[in-house]
Amino acid sequence: MVATYGSKNIFKVGILCYAMMLVVIPFANSFWSLAVVLTLFGICSNTCNIAINTQGVDVEKIYNRSIMSSFHGAWSLAGFIGALIGLIIMSLQVDIITHFVLIFIIILLLFFTQKKFLLDYKPVEGDKEKGFVKPDKVLIQLGIIGFLGMATEGTMFDWSGVYFHEIVKAPEKWTTLGYAAFMVTMASGRFVGDRFIERFGKQRILQFSGILMGSGLLISVFFPSLIVCTMAFMLVGLGVACTVPTVYSVAGQHKTINSGVALAMVSSISFLGFLMGPPLIGYIAELFDLRYSYALFAIFGFILSAMVGHMKIFKS
């Protein structure tokens, strides 16, 4: 759809549907109605994701320098703000419908005041991909790298609190410390990541990111104390920070496949990491121990680093 109608048009429709589906969620009064609504909500979410990342790729081409990492930093900042709004709403005991309507209004205000800045991209002759397009070797490799990064990110989202509770044996009030440390370094790393990418190149940054992810997770496995684990999770956050933005940036600059199509291919593989990573952690933890799960995902980071080192796209 992005290749055919342009990322601007798809994002404009997608973001409005995304916001509207949020308001519909509280009215789902059965398992199946909720399942349908959440499925549509997810479709709208990734439609926006692919369209806005395509916009980001086009902005990079205009600027002729790395800027994608900062865009993803804005996404992380929005996550912080969304969580803060949620905490305030809960403390005020406001009902969920009012909460979601408020978010809907905020999204509308942001959209209608900022939509003028969207790039009006018009597909050129031969740029419209028809039907299914087979991903090439490079896009599959980029998807796997994104998968490893997102699997680690999803693991930190879903299991860092449990790790601090069960393995670190942190006091109740400190169980979210690791997650907070991870999120802070991930967000801040994304805002400064473009400078490092410009200086050292995308290949070196991705290799270093994989090493940081793997090292941070291994440190937390071998030294499960409050302070050391907090610092280790900060390393993981720095490692995750530039991984997905850089993968998306490289995919969007594919020479023979439209940016939107390339991003859709890569994100489809990458998002499996979010889907499969956290359950895999739980399955291994159930069989053995949560530290074994983290040790496995540490290997993911080193595999990521090794893959990037052998990819020709970074050397061309």
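The present account deals with the structure reproduced in this document. (Residues numbered from 1 in each chain as written. Predicted model: local features only at pLDDT ≥ 70, side-chain atom pairs only at ≥ 80, totals over all residues. Heavy atoms only, no water.)

Observations regarding the nonpolar core
In step 1: If you look at the biggest cluster of nonpolar residues, it comprises 61 residues, and the most contacted ones within it are Leu139, Leu142, Tyr163, Phe182 and Tyr294.
In step 2: Counting residues per element, this core draws most heavily on helix H6 (residues 137-166), at ten residues.
In step 3: Residues within four places of Phe182 in sequence aside, it is in contact with Glu153, Met156, Phe157, Phe233, Val236, Gly237 and Val240.
In step 4: Judged by nonpolar contacts, the second largest core, of six residues, contains Leu22, Ile25, Val37 and Cys44. (Core = buried A, V, L, I, M, F, W, Y, C linked by side-chain atoms within 4.5 Å. Buried < 20%, exposed > 50% of the residue type's maximum accessible area, 1.4 Å probe, protein only. Helix = DSSP H or I, 4+ residues; strand = E, 2+ residues; numbered from the N terminus. Contact = heavy atoms within 4.5 Å.)

Observations regarding a nonpolar patch on the surface
In step 1: A surface patch of nonpolar side chains, amounting to about 680 Å² of accessible area, comprises Leu77, Phe80, Ile81, Val184, Phe191, Val192, Phe196 and Phe200.
In step 2: Mapped by element, the contributors of at least two residues to the nonpolar patch are helix H4 (68-91) and helix H7 (177-200).
In step 3: Broken down by element, the nonpolar patch gets its largest block of residues, five residues, from H7.
In step 4: Tracing the backbone through its elements, the reader meets Phe191 in helix H7. (Patch = residues over 30% accessible without salt bridge, like charges linked within 9 Å, V, L, I, M, F, W, Y side chains within 5 Å. Areas by Shrake-Rupley, 256 points an atom, 1.4 Å probe, with all protein chains shown as cover. Salt bridge = Lys/Arg side-chain N within 4 Å of Asp/Glu carboxyl O.)

What to know about the side chain of Ser305
In step 1: Structurally, Ser305 can be placed in helix H12 (residues 290-309).
In step 2: Judged by its relative accessible area of 10%, Ser305 falls in the buried class.
In step 3: A polar atom in the side chain of Ser305 sits 3.0 Å from the backbone oxygen of Gln207.
In step 4: When neighbours within four sequence positions are excluded, Ser305 is seen to be in contact with Gln207, Gly210 and Ile211. (Polar contact = N/O pair within 3.5 Å; in protein donor to acceptor, adjacent residues only side chain to side chain.)

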